[in-house]
Each structure stands twice: as C-alpha cells, then as structure tokens.
Amino acid sequence: SRYYREVLPGEIVKISRHDVQTLDVVRRSEGDPSAFCIFEYVYFARPDSIFEGQMVYSVRKRCGQQLAIEAPVEADLVSTVPESATPAALGYAQKCGLPYVEVLCKNRYVGRTFIQPNMRLRQLGVAKKFGVLSDNFKGKRVVIIDDSIVRGNTISPIIKLLRESGAKEVHIRVASPPIRFPCYMGINIPTKEELIANRPEFHDLANYIGADSVVYLSVEGLVSSVQESIKARQGNPKTHKSFTGKLGHCTACLTGNYPVELEW
C-alpha cells in the first residue's frame, strides 16, 4: 500500500479499482475555521498517521521541543512512560541537550489500565505493566515526559516505582495542557469532577503525585507546535495543499471553547 492523499473535511470519496473519485464535499459555513481535534495529535492517533499534510510523530516531537523551551529543568536524563510519549521525550531531550534513556520497559502481557473499571485495579495494573531498568537511572535526576495526565492515577505509582528503584529526583513534564472540560464531540473524556486539573489536588500536583515538579505544555505552545508546518506549507505557493480553508483546531477539552454552540 502507499499513501495517496487525505480525505478532506466533509468529503465523500468513492474508491474503486479504477480510480479515486470525489462524489461531493460538504462545505462549512462561510468563514468558519476547521476544528480538527487537537487531541488526535497529542494522544489518540498512531504516530505514523498523517493529518493536514503532517506526520503525527513529527508534531509530537515538536511538542517536546516546545516543552523544553517552556519548562527546562536541571536534570541528568530524559525518559518517558513507554511508549506514546516517546517522540515528545526525544524532542525534549534533543532541545535540552540531555541524553534520552529508557527507565521503564513494558510488560506486553498486561491490558490497558485506562479501561480498568476502578482506581484500585488501574493502580495494580500499572505495577504489573512496567519493569524497572534501575541501572540506567540509579542516583540520577530524571525527567519523565508524559503525553497527558487525565486522572493522575497512573503516573503516581510510576514515580513511586522510580524512587524506590534509586532515582534521586523525578520531574514530570507533560507534552499537552491540562484537560479541564468534557468533550461533546464523541470522545469519552471523564466527567469534569474526575479530571485532576479540576480537583483541589491540582494546586499542589507535584506533592499529590509524589514528583519533585510538574509542568504542562501551554495551550499556545501546543497550537503553535501543531500549526507550524501547516502555516509554512500554506505560505509556500509551490507546495501542494491537501488542506485548504481557514486554519483551526478544536481545543475545547483544554480551553472550554467549543467549535459549535451547545444546545441543552
């Protein structure tokens, strides 16, 4: 198989053995920007996916680089919780001039903690999910890059695990802004009360999860990381644009600014 092109927003495509035909394109209201889900870039999509003419892996790496600009820290090495945040961790390490080192290895035989029915099971799942590569970080100051912290349950036992295995300091850097609002566009984000960013513990999050420090990427930093190469391509008349129209991304779960008016 080979990459052909993206299906445009609102486009109906017919694919046959002969060719690819556009049957129709449902146009947006005049002047409305697109509102592509920004969390696809942060977490949901596979890293080899291509959206708006750019690879998700490259965007995640840029988020890590931007995070290093916004939230540097005195440390010895950069790592991640395998493996969705690996591109961001590599970007962070590269920008900071620190080595990227694996501190955890994944146990392939344990299911997803995200879908466990209660918190106790999720935390037990985390303990079984990772092995510790203690020789790589014993006595060292570690920066862990995560792609998002939703409830705060998963990262806490991981920090405990690293400290018990000899980490001198554990700093958390999150390659996306805090999730504060529910999504009404079809993504199953927990209720507002469950989100750690809305809880009283968020005001002293580092202490709550047992880290030496916690810093999130800003909304502006995420948006600029996502839009940087799209804008560069739009400004280049020689570049074939598979993405057209007024540039925009949905950041509702981060900002509360929904792309459509909600009717209650």
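All values derive from a computational prediction rather than experimental measurement.

A. Fine view of the overall build of the protein. Along its length, the protein carries eight helices and twelve strands. Taking all 264 residues of the protein together, the buried fraction comes to 41%. A separation threshold of at least 6 residues defines the contact pool for the protein, and within that pool the share at least 24 residues apart is 66%. For the protein, the computed accessible surface area is about 14700 Å², with 51% contributed by carbon and sulfur atoms.

B. Layout of the environment of Y43. Relative to the assigned elements, Y43 resides in helix α1 (residues 38-44). Residues Y43 and S176, spaced 133 residues apart in sequence, show a C-alpha to C-alpha distance of 9.2 Å.

C. Region of the structure containing the nonpolar core. Membership of the largest hydrophobic core comes to 34 residues, with the highest contact counts inside it found for V78, Y92, I145, I179 and L222. Mapped onto this core, the elements with two or more residues apiece are α1, α2 (56-70), α3 (86-96), β9 (141-146), α7 (219-234) and α8 (252-255). The dominant element in this core, judged by the number of residues it contributes, is α2, at five residues. Filtering out sequence-adjacent residues up to four positions away, I179 remains in contact with F39, V150, I189, L195, A197, C253 and L254. Membership of the second largest hydrophobic core comes to 27 residues, among which are L104, I159, A197 and A211.

D. How the structure looks around α2. Counted at 1.5 Å a residue, the expected span for α2 with its 15 residues is 21 Å, and the 21 Å between its end C-alpha atoms agrees. Where α2 is concerned, the buried positions are V56, V59, R60, R62, C63, G64, L67 and A68.

E. Highlighting the packing of aromatic side chains. Scanning the model with the defined rule gives seven aromatic pairs in all. Summarising the aromatic geometry, the rings of F36 and F51 are spaced 4.9 Å apart at their centres and angled 55° between planes, so their arrangement reads as tilted. With F36 in strand β3 (residues 36-37) and F51 in strand β4 (residues 50-51), this residue pair connects regions lying 15 residues apart in the sequence. By relative accessible area, F51 is classed as buried at 17%. Measuring from centroid to centroid gives 5.7 Å for Y43 and F44, while their planes differ by 70°, and the two rings are edge-to-face. Taking the relative accessible area as the measure of exposure, F44 reaches 38% and is therefore partly exposed. Members of the aromatic cluster, connected to one another through ring pairs, are F36, Y41 and F51.

F. Examining the sheet that holds β9 more closely. Taking strand neighbours across the sheet as the criterion, the four strands line up as β6-β9-β10-β11 in an open arrangement whose pairing is parallel. The open sheet has two free edges, formed respectively by β6 (77-80) and β11 (213-216), since each of these has just one partner strand. Looking at each pair of strands side by side, their axes are set apart by 25° on average, direction ignored. As judged from the four bridges shared by β6 and β9, these two strands associate in the parallel manner. Note on β9: the bridge partner recorded for S79 is I144. Against the sheet, α2 engages β9, β10 (169-174) and β11, with an angle of about 120° to β11. Those strands touched by α3 are β6, β9 and β10, and its axis lies near 170° from that of β6.

Definitions and cut-offs
Residues numbered from 1 in each chain as written. Predicted model: local features only at pLDDT ≥ 70, side-chain atom pairs only at ≥ 80, totals over all residues. Heavy atoms only, no water. Helix = DSSP H or I, 4+ residues; strand = E, 2+ residues; numbered from the N terminus. Buried < 20%, exposed > 50% of the residue type's maximum accessible area, 1.4 Å probe, protein only. Contact = heavy atoms within 4.5 Å. Areas by Shrake-Rupley, 256 points an atom, 1.4 Å probe, with all protein chains shown as cover. Core = buried A, V, L, I, M, F, W, Y, C linked by side-chain atoms within 4.5 Å. Expected span 1.5 Å × (residues − 1). Phe/Tyr/Trp six-rings, centres within 6.5 Å; stacked < 30°, edge-to-face > 60°. Pairing = 2+ DSSP bridges. Axes fitted to C-alpha atoms, helices over the stretch in contact; angles between N-to-C directions.

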